[in-house]
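# Structural features, examined
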Amino acid sequence: MWFVLALLSAVFAALTSILAKAGIEGVNSHLATALRTMVVVVMAWGMVFLTGAQEGIARISVRSWSFLILSGLATGASWLCYYRALQLGEGSKVVPIDKLSVVITLVMAALMAGVVVYLSQQLDSTRKLEAQRDVIAQQQLYEGDLEAIRQEVRSFRHDYKNLLAGLSEQADKGELN
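Residues numbered from 1 in each chain as written. Predicted model: local features only at pLDDT ≥ 70, side-chain atom pairs only at ≥ 80, totals over all residues. Heavy atoms only, no water.

### Considering the packing of aromatic side chains
As a reminder, the rule being used: Here a pair means two rings of Phe, Tyr or Trp (six-membered ring of Trp) with centres within 6.5 Å. Their orientation is stacked below 30 degrees between planes, edge-to-face above 60, and tilted elsewhere. The helix count covers DSSP runs of H or I at least four residues long, the strand count covers runs of E at least two residues long, and both are numbered beginning at the N terminus. For each residue, the accessible area found with a 1.4 Å probe, counting protein chains only, is set against the maximum for its type, and the residue is called buried under 20%, exposed over 50%, and partly exposed in between. Only when the NZ of Lys or the CZ of Arg is both within 6 Å of the ring centre and within 35 degrees of the ring normal is a charge said to sit over the ring.
Taken as a whole and judged by the stated rule, the model has four aromatic pairs. Ring centres 5.9 Å apart and planes at 35° place the aromatic pair Trp45 and Phe49 in the tilted group. Highlighted residues: Trp45 and Phe49, both in helix H2 (residues 29-51), separated by four residues, approximately one helical turn. Taking the relative accessible area as the measure of exposure, Trp45 reaches 41% and is therefore partly exposed. For the cation-ring pair, Arg36 lies above Trp79, with the distance from its terminal atom to the ring centre recorded as 4.3 Å.

### Focus: the pattern of salt bridges
What counts here: Each reported salt bridge corresponds to a side-chain nitrogen of Lys or Arg within 4 Å of a carboxyl oxygen of Asp or Glu.
All chains considered together, the criterion is met by five salt bridges. Here Lys93 and Glu90 are joined by a salt bridge, their closest N and O atoms 3.9 Å apart. According to the relative accessible area criterion, Lys93 is exposed, its value standing at 53%. Look at Glu90 and you get partly exposed, because its relative accessible area is 46%. Close ionic contact of Lys128 with Asp124 constitutes a salt bridge, the shortest N to O distance being 3.6 Å. With Lys128 and Asp124 both in helix H5 (residues 101-173), this residue pair falls four residues apart, about one helical turn.

As structure tokens, then:
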């Protein structure tokens, strides 16, 4: 099913180019973009209400809202540039250049994937370094505890030697019962 929809998308995109070139003659490109956008908005919201998808608006995350808004801004910029290019140039030259967006998308996706991998590695390195610092801090605490125990044993040993010496002296004097 996705293939059929993708193919239909390509057909409609082709129609868009042909119809836009014919319709933009004598019309300001920004006005033409605004009129086209109004039709798209009505059609899109019609599909939302037709399918009952409007109930999902409240469940859209902030992250999704952010990316959808950025996508909308990119779409608007693309449409404004496209319509102006169609108004100034020949459709047979503008459309193939516009379709470079597929190649540009692949390049941008590869760059973004590289950035994600790099950032992931940096984050992993940072986490490992923090874990090593935690281990060192725990070892230092353990070392301090061991030093305290060593001091207690030395003190006990000293007291024990004094006690034995005292007992030995008392035994030598015959003072033990």
